[in-house]
Amino acid sequence: MCIFLIILPGPDTAMATRNTLSIGKSGGFKTVFGTCCALFIHTFAAVIGLSAIIVKSALLFSIFKYVGAVYLVYIGFKTLWSLRKNDAVEGQDTNIESKYGQKSCFRQGFLTNLLNPKVAIFFLTFLPQFVNPESNTFFPFLIMGITYTVLTALWFFLYIYLINQISAFMKKPSTQKVVQGITGFALLGFGLKLALEKSHS
């Protein structure tokens, strides 16, 4: 079930796609590493009960929700704006931009996942179904969270590898414009959807 949930396209997938196509395989891997670090934080937060407080508190949920939504919308606009900028500087050398762009890949993957309250909701609604409440839940919850994170990493490594294998086609200017456009609008859509997400009681 976790595998099916992981492969469903979401903000993390859109971010990994964007950075793999614009920077390369290393950019995609750094993005995934940031995502996995955020998942570890979600795991420990759920174990100690912090995620439960966030989900139960309308104020805290709203803070996470709107900060995450604003961040996704910002990245979406930034992706769409890069299309216009690429048209203006097409033919120029972009190695310097790619070199320094890699520095933000980890941060983008980390913040995209960390600021998504739906991930906290997942950890508190799905995983507890497989924990015996009458016994110590710390280690079972921790093991399941780590397992989910490892599965996420494996899937995204395969996903990035496949994208990189067809990079010759994916990195054609016409193809990249289409993919970046779709990714930009997808991030905007995820951001707006997150902003409209209701707090779970």
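The structure under discussion appears in the preceding block.
In this text, all values refer to a predicted model and were calculated from it rather than measured experimentally. (Residues numbered from 1 in each chain as written. Predicted model: local features only at pLDDT ≥ 70, side-chain atom pairs only at ≥ 80, totals over all residues. Heavy atoms only, no water.)

Draft legend 1. Seen up close, the packing of helix α3 (residues 25–48) against helix α8 (residues 117–125). At a minimum axis separation of 10 Å, α3 and α8 run at an interaxial angle of 50 degrees. One finds that α3 runs oblique with respect to α8. When the axes of α3 and α8 are compared, the crossing they make is right-handed. In contact with Leu39, His42, Thr43 and Ala46 of α3, α8 contributes Val119, Ala120, Phe123 and Leu124. In terms of residue class, the contact of α3 with α8 is built from six nonpolar, two polar and no charged. (Axes fitted to C-alpha atoms, helices over the stretch in contact; angles between N-to-C directions. Helix = DSSP H or I, 4+ residues; strand = E, 2+ residues; numbered from the N terminus. Parallel < 35°, antiparallel > 145°, perpendicular 65-115°, else oblique. Left-handed = near helix turned anticlockwise from the far one by under 90°. Contact = heavy atoms within 4.5 Å. Nonpolar A, V, L, I, M, F, W, Y, C, P; charged D, E, K, R; others polar.)

Draft legend 2. Region of interest: the packing of helix α2 (residues 11–22) against α3. Contact pair α2 / α3: the axes reach a minimum separation of 7 Å and the direction vectors enclose 155 degrees. The orientation of α2 with respect to α3, classified from their angle, is roughly antiparallel. In this structure, the crossing between α2 and α3 has a hand that is right-handed. Of α3, the residues touching α2 (which contributes Asp12, Met15, Ala16, Asn19 and Thr20) are Lys25, Gly27, Gly28, Thr31 and Thr35. The class makeup of the residues in the contact of α2 with α3 is two nonpolar, six polar and two charged.

Draft legend 3. Representation of the environment of Gly181. Relative to the helices and strands, Gly181 resides in helix α11 (residues 173–195). Taking the C-alpha atoms as reference points, Gly181 and Trp81, separated by 100 residues in sequence, lie 9.4 Å from one another.

Draft legend 4. How the structure looks around the packing of aromatic side chains. According to the stated counting rule, one finds five aromatic pairs in the structure shown. Here the aromatic rings of Phe33 and Phe106 are separated by 5.4 Å at their centres, their planes lie at 45 degrees, and the arrangement is tilted. You can see Phe33 sitting in helix α3 and its partner Phe106 sitting in helix α7 (residues 105–114), a full 73 residues away along the chain. Ring geometry for Phe106 versus Phe110: centroids 5.9 Å apart, planes at 10 degrees, classification stacked. Residue Phe106 and its partner Phe110 are both found in helix α7; the two are separated by four residues, about one turn of the helix. When its relative accessible area of 18% is taken as the criterion, Phe110 is described as buried. Among the aromatic residues, those joined into a ring-pair cluster are Phe33, Phe106 and Phe110. (Phe/Tyr/Trp six-rings, centres within 6.5 Å; stacked < 30°, edge-to-face > 60°. Buried < 20%, exposed > 50% of the residue type's maximum accessible area, 1.4 Å probe, protein only.)

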